[in-house]
Amino acid sequence: MRFWVLLIRSLFVHKMALAGIGIAWFSLSVYSAAAFAADNPLAANKAGRLVAENLLLADITDSAPRTMAMFNLPVHSNIPVTLKSGSIRLQPDVSKANINIHSQPEDYLYSQNTSPPSFGDKRQVLPEMQLDFRILAEDAPQPAGGVHANRRYHIVPVNRQLQETQHPTWDYILGVGNVVQLSEQSPQLQIALPFALVEKNQNCVHNGALFLDITLGTELSTFYYQISSETCGYFQADFWGKGQVVLQHSEFSTEIPSMADSPVLAETNPKIRPLQHLANHAQEMDFARLQLQHLIPEQALSALGVIYQGEHYATPCMTRAGVYPFCEQLVLPSYSLAKSIFAGLLVMSLEQSYGDILSIPVTQWIAQCRTAANIDKWQGVTVGHLLDMSTGNYQSRQHGVDEGGSDSSGFFSVASHEQKLQYACNQFPRQSTPGTEFVYHTSDTYLLGAVLQAWWQDKSANADADVFRDVLVKRIFAAAQLSELAQKSRRSQGSTEQPFAGYGLFLLPGDFHKLADFIQQQWQNPAATAALLHSDMLSDTLQPHVHNTLATEFANIRYNNSFWAYNLKPILGCEQDNYVPYMMGYGGLALVFLRPDLQFYYVSDGHQYNWRDAAIELNKLADICRINI
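Residues numbered from 1 in each chain as written. Predicted model: local features only at pLDDT ≥ 70, side-chain atom pairs only at ≥ 80, totals over all residues. Heavy atoms only, no water.

Draft legend 1. Fine view of the sheet that holds strand β12 (residues 301-308). Reading across the sheet, the nine strands line up as β11-β13-β12-β23-β22-β21-β20-β19-β18 and stay open at both edges, with mixed pairing between neighbours. For this open sheet the edge positions go to β11 (272-274) and β18 (550-551), each flanked by a neighbour on one side alone. As judged from the six bridges shared by strand β22 (residues 589-595) and strand β23 (residues 598-604), these two strands associate in the antiparallel manner. Within β23, the residue paired with R595 across the bridge is L598. (Pairing = 2+ DSSP bridges. Helix = DSSP H or I, 4+ residues; strand = E, 2+ residues; numbered from the N terminus.)

Draft legend 2. The arrangement of the pairing of strand β10 (residues 237-252) in detail. Where strand β1 (residues 83-92) lies against β10, nine bridges are found, and the strand directions are antiparallel. Residue pairing across strands places R89 opposite V246, the latter belonging to β10. Sheet analysis places strand β2 (residues 98-101) next to β10, joined by four bridges and oriented antiparallel. From the neighbouring strand, I101 faces β10, where its bridge partner is A237. Across eight bridges, strand β9 (residues 220-231) lies against β10 in antiparallel orientation. Bridge pairing in β10 links F223 to G243. Between β9 and β10, which pair antiparallel one after the other, the connecting turn spans five residues.

Draft legend 3. Spatial organisation of unusual backbone geometry. Within the chain, Q309 stands out as a residue other than glycine whose phi angle is a positive 50 degrees. If you trace the backbone, Q309 turns up in the loop between β12 and β13 (311-314). For D356, which is not a glycine, the phi torsion comes out positive at approximately 60 degrees. In this fold, D356 is placed in the loop between α7 (337-354) and α8 (362-365).

If you want it as structure tokens, here you go:
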């Protein structure tokens, strides 16, 4: 059942918040040398040289998690690293695996009772992880009149996307970390890198860090892991423990490639300013209110940021054990932001390139929706109706009743494409004319993805063609320069690996900035990057009003092209209706397009969807009423 049992409660909270509105997002943090030395048990000695006895993991006990500051390796070193590339297998020690569960909401307890294989002892144990890597070097800032004396060495996983495992509960993601060598004579390396656990078949993410203590020339070394934060509305827990590092292969060189020549640099060093720097533009801004601190507890907020005039401002990434040391690589789930990113942008792109996509009939491409028992209710339903969630097929128009009902486990909890299609095609009766009533169904978006996949394979005359990879990743994500992480989606399991479409993407904080910039540029200056999105569809999406959107259950909220729209007139006192488009996701996620030069986002798991106070504060930065995007 996972988070879908809790979805009922979440949708109720969402309903209450929608009567108001929702928002929040990310940031970098840099420790001073003094703070690092004070907090880090693996710090340098008085001479400033790293000492091996301080860096060994043997003294780390299993009694409690450490401070996250321990994963902050020294920024630059004059000791060269000669390890160039290699392969490592990380094998957790079951006897040293620890977990401290912070909350046990109703759906967690239900799943614990009904799905013991997933909630047994193995849940607290990491899966074995494969780390194939290369080392890249980054020069320290050059002193005036001098030469580079120090370098920073990064370990770069060959695969920085979701990696699926045979573990009953967890898949994982590895990020770019740092490497130090203790001395030119020492065979000992210290490596710290970010990683995340991702629940099987779900979008929930638990972010952590790995510390590897490697002695070159030996087959086995040691690693320590710790997770102290997550974006997961139904399961919050600390994980920590140890395991063995098996160095399977290694290659050495005195010439380590420069990171400046690699696209990895943009992912790991995005230009993000502290959120408080917005005070330079509006001193009267209330930053506590902007950060929704009265609504979202610190432990429930993963990331929050503002994009203003092309600059990205964000808050620190906090954990229960201090600031996360790899904030720029914090793995963030998309949840239903994917409905806008995947479904919305994909249809706009196909409409731009091929035309007449919106009128594609469902029954032409999905056999499960043209059986004798259900063909009548799917007659006349098109891609455009699926995109707007206006198929006319539903049990209740009341927000969240269908999506959060107990029967929804027949879609969210099943793994195969066939099972998901059986639900999507058969669950809801015909109640109204297609295109007239909005009712929120993730299964509609999944069905849209299935229709476009079948259509694309036919058009490409290639049964292996993949609309997510071929169109969304290679065209849209490439033009937006999204991270490598974003280029893989959760998919159904079995013979047909269908992308989820309505959820199941993963993003880095910098991807929010890149997405916002790409969408705005496609709208305002498509010639600069080539027009990849259909101009009329994009115009209707970014300039919503009552004539080009569908009404929802709430007076000031509308829906169109898999984007929401909220009327800020009552909140800001605008002279006329001022609908702003936004993306929204389960648990409390949003990316809001307030003006062409102003966007706001947040990622949280406290089920808070009300971002109107942030809009009020950002109206002090720039007049939102004057510009309907």
